[in-house]
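# Descriptive analysis of the structure
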Amino acid sequence: MIKCIIIDDEKKDRENLRMLLESYCPQVEIIGEAKDKDSILKVLSTTEPDVVFSDIQLGTTSVFEVFNMLEHINFKIVFVTAFDKYAIQGYQYDAIDYLLKPIEPKRLIKVVDKTFRLGESQQAKDKKLEEFKSLYSQVMETPKISITDAKGVHIIKVKDILYCVSNGNYTTFVMVEESEIVISKNLKHFEEKLQDFNFFRVHKSYLINLDYVDFLVKEQGGSIIMKNGKSLPISRNSKKELYEKMNIL
């Protein structure tokens, strides 16, 4: 049997991969799961997997940060990710492989078969991990936008925006560190500019960064609790699409 560990911060994704492995790869034995830095280090200290199936982004932590803490990586790695399909397909990977979400059973079978047919030295394994880390950094480089107010032009990282608030023809940017920037353009303008970066308009007055949603309240029409504790309303027309984006059943 081939021993494996599944790493993903989303429970449903771990369960889905477990189901697929049990259904299509009977030669693979799942000996553990992990969802964050602490659980990864714990499971790796108590087991000896042949392979680790790992998501790359675990909340605000990259799995590379955890791997860098290990003295040796004596297991094969298959990355399970939803990021840039074409960038990763254009990269000729060998023993360290990847699966794209949603996982296709045929692709899973192929990856499992290829991963264990090919042998590799520790030096080759370390080199390929560094190459993949470099690729990931390039693909996932933090995007920035420029916004102009009366003082000048602000160059801000998209990940530093908590949410945006509409005030007529003005928009207030509420930043993660709680500072605010007021821009003389309406919210519709920024909704179009930020739609590719996991932002969603939950209400006519609010455009939120979905990465910073802390809690969703279903009672009394529904509301969103952001990471700063602020409660924002959800419009009736936005609720269904919001639930779909956040995988809420």
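Predicted model, so just to flag it, every value in this text is computed and none were measured. (Residues numbered from 1 in each chain as written. Predicted model: local features only at pLDDT ≥ 70, side-chain atom pairs only at ≥ 80, totals over all residues. Heavy atoms only, no water.)

## What to know about the overall build of the chain
Counting its regular elements, the chain contains eight helices and 17 strands. Counting all 249 residues of the chain, 42% fall into the buried class. Pairs at least 24 residues apart make up 53% of the contacts formed inside the chain by residues separated by at least 6 positions. (Helix = DSSP H or I, 4+ residues; strand = E, 2+ residues; numbered from the N terminus. Buried < 20%, exposed > 50% of the residue type's maximum accessible area, 1.4 Å probe, protein only. Contact = heavy atoms within 4.5 Å.)

## As for the sheet that holds strand S11 (residues 170–175)
Taken together, five strands build an open sheet; the order of strands is S12-S11-S10-S14-S13 and the sheet is antiparallel. Here the strands that pair on one side only, and so sit at the sheet edges, are strand S12 (180–183) and strand S13 (199–203). Each strand of the sheet is rotated relative to its neighbour by a mean of 20 degrees, with strand direction disregarded. Sheet analysis places strand S10 (residues 161–167) next to S11, joined by six bridges and oriented antiparallel. Along S11, the bridge assignment pairs serine 166 with threonine 171. (Pairing = 2+ DSSP bridges. Axes fitted to C-alpha atoms, helices over the stretch in contact; angles between N-to-C directions.)

## Here we look at the pattern of salt bridges
Under the defined criterion, the tally for this structure stands at seven salt bridges. The partner of lysine 227 in a salt bridge is aspartate 214, with the nearest N and O atoms 3.2 Å apart. Here lysine 227, found in the loop between strand S16 (223–226) and strand S17 (231–233), pairs with aspartate 214, found in strand S15 (residues 213–217); they are 13 residues apart in sequence, far enough to count as distant. For aspartate 214, a relative accessible area of 46% translates into the label partly exposed. (Salt bridge = Lys/Arg side-chain N within 4 Å of Asp/Glu carboxyl O.)

## A short note on helix H1 (residues 11–24)
Under the 1.5 Å per step criterion, the end-to-end length of H1 is 20 Å for 14 residues, consistent within 8% with the ideal 20 Å. Inspection of H1 places Arg14, Leu17, Leu20 and Leu21 among the buried residues, and these make up the whole buried set. Down the axis of H1, the buried set is contained in an arc of 130 degrees. They therefore lie on one face. Facing away from the buried side of H1 by more than 90 degrees, the exposed set consists of Lys11 and Glu22. (Expected span 1.5 Å × (residues − 1). Arc of directions from axis to C-beta.)

## As for the environment of cysteine 4
Note on placement: cysteine 4 falls in strand S1 (residues 2–7). Given the relative accessible area of 0%, cysteine 4 is considered buried. Beyond its immediate sequence surroundings of up to four residues, cysteine 4 is in contact with Leu21, Val28, Glu29, Ile30, Ile31, Gly32, Pro49, Val51 and Phe53.

## Digging into the confidence of the model for the chain
Overall, the predicted model of the chain reaches an average pLDDT of 83, with 83% of residues at or above 70. Contacts of residues 85–95 to residues separated by more than four positions or lying in other chains number 26 contacts, the stretch itself having pLDDT below 50. (pLDDT = per-residue confidence, 0-100.)

## Topic: the nonpolar core
Counting 19 residues, the largest nonpolar core has Ile7, Ile40, Leu44, Phe67, Phe75 and Phe79 as the members making the most contacts within it. Of all the secondary-structure elements, those providing two or more residues to this core are S1, helix H2 (37–46), helix H3 (63–67), strand S6 (76–81) and strand S7 (97–100). Of the residues forming this core, the biggest block, four residues, is contributed by H3. Apart from residues no more than four positions distant in its own chain, leucine 44 is found in contact with Ile5, Pro49, Val52, Leu70 and Phe75. Grouped together as the second largest cluster of nonpolar side chains are 18 residues, Ile2, Ile30, Ile103 and Val111 included. (Core = buried A, V, L, I, M, F, W, Y, C linked by side-chain atoms within 4.5 Å.)

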